[in-house]
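# Observations on the model geometry
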Amino acid sequence: KLLQQISTRLLSCTRQEDTTARLGGDEFIILMPEIQDPHDITILCRRILKRLEIPHTLSGRDYTVNVSMGVTIFPDDAETPEGLVKNADIAMYRAKETGKNGYQLFTPSMQETIMKRIELESRLSEALCHNEFVLFYQPQVDLKTQQVVGAEALIRWQKPDGQLAYPDEFIPIAEESGLIGQIDHWVLKTACRQANLWREQTQRNFKISVNLSSSQFSQDEDLVQRVNRSLEKSGLPAECLTLEITENAVMSDTEGAIAIMTRLTALGVSIAIDDFGTGYSSLSYVKNFPARYLKIDRSFVKDIPQDSDDVAIAASIITLAHNLQMEVIAEGVEEQTQLDFLTQQGCQQVQGYFYGKPCSAEYFEQQFLS
Ligand code: C2E
Ligand code: MG
Ligand code: MG
């Protein structure tokens, strides 16, 4: 019904000589012959945006949809139907990236960006085969005892040319291309193995935190099995593993996510909600998360204690967590003053450059475990 309503609205925006078609799914194509002035295209795009902005009523309820449009021009951008559709698609993805509602005209530089992306994708899958990923470890310090009680495993890509790439540069692409499943699996196995070695060496309890991509969390049916197998293979006790998930991972399918979290906690694994406060979770759901830790995002810690808003937010998150029987880990602690404030508020653990940057396993061992 929604698609039908959208079709009707699209038709009301176009001219007699235009063709409007649904390509499949939620994708439509409008073919506009005889455009005299390129300016007419932007006028049409704006008209469509305005028309589709009005909520759709279905069974008495209002729904709003977001629209992204890509425009390509014959024969300037491409000369074949396939080429035109491909370019329009590329431009549409760019529109999607830049905002929820909008349109983009195709430019040749978009083509370059796409080519770079495709190249990066294939290099990422080579990187997996050639073992080019490494894990860095950042200490997590207990504020009561001032001891390093664990580490967060953070992935790096050691490229063949010697450059070290950070997750922000490749994780989003790995997520889009579906490689993230294999990468996260590798991280999980490697981190569990390393943590168990350290536990045996030091004869101390040591907790390792591993980040899980949001796509993994919502899609991967055998995640629980995979975690279980990594624990068994490495010998690491389940209570030494924490899985970090962001709020957004949980919000797209909250019921499903809570079910997976419950199965993971039944294994003995802890769950941490990463980057808390930056996503869209609603408090009524947070209440139901079987999570043990809330991690306060660095953006709220950065300007403590100068910024009174951040002070209030950090203090509130700590109170909220404690009222829900969760422990708090503050991220990105760089200054003594931040540490003092967090200690005074009753925050349990911190992580940040103040105690140590993420570093190689060897360095971590020398610096924090001997
Ligand atoms: P995150 O899990 O929130 O990790 C914390 C990030 O903050 C890390 O960046 C860390 O290096 C940085 N950081 C820690 N302390 C400080 C500090 O005091 N000051 C500043 N300026 N930064 C600090 P990194 O390693 O670049 O990781 C970025 C994000 O990439 C992570 O955010 C996580 O969401 C993702 N990520 C990292 N490793 C993995 C992985 O193995 N799998 C998946 N799926 N995602 C990962
Ligand atoms: Mg994390
Ligand atoms: Mg974080």
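Quick note: structure is the one above.
The sections below set out a description of the structure shown in this document. (Residues numbered from 1 in each chain as written. Chains lettered and ligands numbered in written order. Predicted model: local features only at pLDDT ≥ 70, side-chain atom pairs only at ≥ 80, totals over all residues. Heavy atoms only, no water.)

### Some remarks on the packing of helix H6 (residues 180–202) against helix H15 (residues 361–369)
Between H6 and H15, the least distance of the axes is 12 Å, while the angle of their chain directions is 30°. Of the possible angle classes, the one that applies to H6 and H15 is roughly parallel. Along this stretch, H6 crosses H15, giving a crossing that reads as right-handed. Contacts between H6 and H15 pair Gln-194, Trp-198, Gln-201 and Thr-202 from the former with Ala-361, Phe-364, Glu-365 and Leu-369 from the latter. When its residues are assigned to classes, the contact of H6 with H15 shows four nonpolar, three polar and one charged. (Axes fitted to C-alpha atoms, helices over the stretch in contact; angles between N-to-C directions. Helix = DSSP H or I, 4+ residues; strand = E, 2+ residues; numbered from the N terminus. Parallel < 35°, antiparallel > 145°, perpendicular 65-115°, else oblique. Left-handed = near helix turned anticlockwise from the far one by under 90°. Contact = heavy atoms within 4.5 Å. Nonpolar A, V, L, I, M, F, W, Y, C, P; charged D, E, K, R; others polar.)

### Remarks on the coordination of the magnesium ion (ligand 2)
The magnesium ion (ligand 2) binds to the protein through Glu-152 (OE), Asn-211 (OD1), Glu-244 (OE) and Asp-274 (OD); the donor distances cover 2.0 to 2.2 Å. Donor residues binding the magnesium ion (ligand 2) come from one chain and are separated in sequence as E-x58-N-x32-E-x29-D. Between the magnesium ion (ligand 2) and the magnesium ion (ligand 3) the interatomic distance amounts to 4.1 Å, and Asp-274 serves as a bridging ligand to the pair. Taken together, the residues Glu-152 in strand E8 (residues 148–158) and Asn-211 in strand E10 (residues 207–211) connect sequence positions 59 residues apart. (Donors = N, O, S within 2.8 Å, 3.2 Å for Na, K, Ca; no water.)

### Details of the pattern of salt bridges
Summed over the entire model, instances satisfying the criterion amount to nine salt bridges. The partner of Lys-295 in a salt bridge is Glu-152, and the shortest N-O contact between them spans 2.9 Å. Of this pair, Lys-295 sits in strand E13 (residues 293–296) while Glu-152 sits in strand E8; the two residues are 143 residues apart in sequence, bridging distant segments of the chain. The pair Lys-295 / Glu-152 is uniform in exposure class, with both members buried. Lys-295 is the partner of Glu-331 in a salt bridge, and the nearest nitrogen-oxygen pair spans 3.8 Å. Of the two residues, Glu-331 sits in the loop between strand E14 (327–330) and helix H14 (336–345) while Lys-295 sits in strand E13, which places them 36 residues apart along the sequence. Three or more residues are tied together by salt bridges with common partners; here these are Arg-94, Glu-97, Arg-117 and Glu-176. (Salt bridge = Lys/Arg side-chain N within 4 Å of Asp/Glu carboxyl O. Buried < 20%, exposed > 50% of the residue type's maximum accessible area, 1.4 Å probe, protein only.)

### A word on the site of ligand 1
Residues in contact with ligand 1 amount to 23 residues; listed here are only the nearest, Arg-156, Asn-211, Asp-274, Glu-334 and Tyr-353. Between ligand 1 and Gln-138 there is a distance of 2.9 Å, counted from a nitrogen atom to a side-chain nitrogen or oxygen. A distance of 3.4 Å separates a nitrogen atom of ligand 1 from a polar atom in the backbone of Ser-213. When ligand 1 sits alone it has 810 Å² of accessible area, and the protein chains cover 84% of it. If you map ligand 1 onto the pockets, it falls in the second largest pocket. When contributions to the shell around ligand 1 are tallied by element, the ones reaching two or more residues are E8, helix H5 (167–177), H6 and strand E12 (270–276). When residues of the shell around ligand 1 are assigned to their parent elements, the largest contribution, four residues, is made by E8. For the shell around ligand 1, the per-class residue count stands at eight nonpolar, five polar and ten charged. (Near = heavy atom within 4 Å. Polar contact = N/O pair within 3.5 Å; in protein donor to acceptor, adjacent residues only side chain to side chain. Areas by Shrake-Rupley, 256 points an atom, 1.4 Å probe, with all protein chains shown as cover. 1 Å grid on protein atoms, 1.4 Å probe; cavity = no way out; pocket = protein on both sides within 12 Å on 5 of 7 lines; lining within 4 Å. Sits in = over half its atoms within 2 Å of the grid points.)

### Description of the coordination of the magnesium ion (ligand 3)
Within the first shell, the magnesium ion (ligand 3) binds the protein through Asp-274 (OD), Asp-275 (OD), Glu-331 (OE) and Glu-331 (OE), at distances of 2.0 to 2.5 Å. Coordination of the magnesium ion (ligand 3) draws on donor residues from a single chain, spaced D-D-x55-E in sequence. The buried category is assigned to Asp-274, whose relative accessible area is 6%. Judged by its relative accessible area of 24%, Asp-275 is partly exposed.

### With respect to H15
What H15 keeps buried is the set Ala-361, Phe-364, Phe-368 and Leu-369. Projected down its long axis, H15 carries its buried residues within an arc of 75°, all on one side. Opposite the buried face of H15, at more than 90 degrees from it, the exposed residues are Glu-362 and Gln-366. Contacts from the buried residues of H15 go to strand E7 (133–142), E8 and H6. (Arc of directions from axis to C-beta.)

### Observations regarding the nonpolar core
Ranked by size, the top nonpolar core spans 82 residues in total, and within it Phe-133, Ile-208, Phe-217, Leu-241 and Phe-364 carry the most contacts. Ranked by residue count, the leading element in this core is H6, at nine residues. Not counting the four nearest positions on each side in its chain, Phe-364 is found in contact with Tyr-137, Gln-138, Pro-139, Val-148, Gly-150, Ala-151, Trp-198, Phe-206, Cys-359 and Leu-369. (Core = buried A, V, L, I, M, F, W, Y, C linked by side-chain atoms within 4.5 Å.)

### Points about the pairing of strand E11 (residues 241–246)
Across the six residues that make up E11, a large majority, five, are buried. Note: E10 against E11, four bridges, orientation parallel. Counterpart to Val-210 in the pairing with E11 is Leu-243. Pairing geometry for E11 and E12, over five bridges, is parallel. Bridge assignment links Ile-245 to a residue of E12, and that residue is Ile-273. (Pairing = 2+ DSSP bridges.)

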